[in-house]
Amino acid sequence: MLAGPCLTAEIAAGLPVEQAGIAGGLQSATRELGSALGVAVVGTILTAGFTGHLPDSLSRHTPVPRTVAEALALEPAQHSAITEAFTDGADTALRTAALLTLLAGALVVAGAARAHRSAASR
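Residues numbered from 1 in each chain as written. Predicted model: local features only at pLDDT ≥ 70, side-chain atom pairs only at ≥ 80, totals over all residues. Heavy atoms only, no water.

(A) Looking closely at the pattern of salt bridges. Following the criterion strictly, the structure yields 2 salt bridges and no others. One salt bridge in this structure joins Glu32 and Arg31, with 3.8 Å as the shortest N-O distance. Exposure remark for Glu32: the relative accessible area of 48% places this residue in the partly exposed category. A salt bridge links Arg95 to Asp91; the shortest N-O distance between them is 2.9 Å. With Arg95 and Asp91 both in helix α5 (residues 79-120), this residue pair falls 4 residues apart, about one helical turn. The class of Asp91 is partly exposed, set by a relative accessible area of 37%. (Salt bridge = Lys/Arg side-chain N within 4 Å of Asp/Glu carboxyl O. Buried < 20%, exposed > 50% of the residue type's maximum accessible area, 1.4 Å probe, protein only. Helix = DSSP H or I, 4+ residues; strand = E, 2+ residues; numbered from the N terminus.)

Rendered as structure tokens:
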């Protein structure tokens, strides 16, 4: 939440004083939407990576286990392979989240620079 105060200031500065409530609502809505989408995307990638790296003996189960607890309940002897599948899935999910964060940051910086140049030329 380090970016929260900066984001609030930027949104508030972009609107007239009489629309300060709209600025706060916009910031809150975008934060909530971003959080929900982030959790959904990272969770989906983690689950797909986890199930994709499970040992063959677990991949053939119907339904395929979606959590570490489900996998361990089916094959307790495969503890290290199940743990490795989870860490592989988490690695993929977190690397994807980091890449998306870097891309979003680059887009924000580019947009802010363009807006600053546009305002300076007026």
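Now, onward.
(B) Highlighting the packing of aromatic side chains. The full count for this structure, using the stated rule, is 1 aromatic pair. For the ring pair Phe50 and Phe86, a centre distance of 6.3 Å and an interplane angle of 70° mean the geometry is edge-to-face. You can see Phe50 sitting in helix α2 (residues 20-52) and its partner Phe86 sitting in helix α5, a full 36 residues away along the chain. Overall, Phe50 belongs to the buried group, its relative accessible area being 1%. (Phe/Tyr/Trp six-rings, centres within 6.5 Å; stacked < 30°, edge-to-face > 60°.)

(C) Inspection of α2 at higher detail. The terminal C-alpha atoms of α2 lie 48 Å apart, and with 33 residues this matches the ideal 48 Å at 1.5 Å per residue to within 8%. For α2, the full list of buried residues reads Ala23, Gln27, Gly49, Phe50 and Thr51. (Expected span 1.5 Å × (residues − 1).)

(D) The environment of Ser118, seen in detail. Within the element layout of this structure, Ser118 appears in helix α5. Each C-alpha atom of the pair Ser118 and Gln27 lies 23 Å from the other, and the pair is 91 residues apart in sequence.

Nothing here speaks to function; it is geometry throughout.
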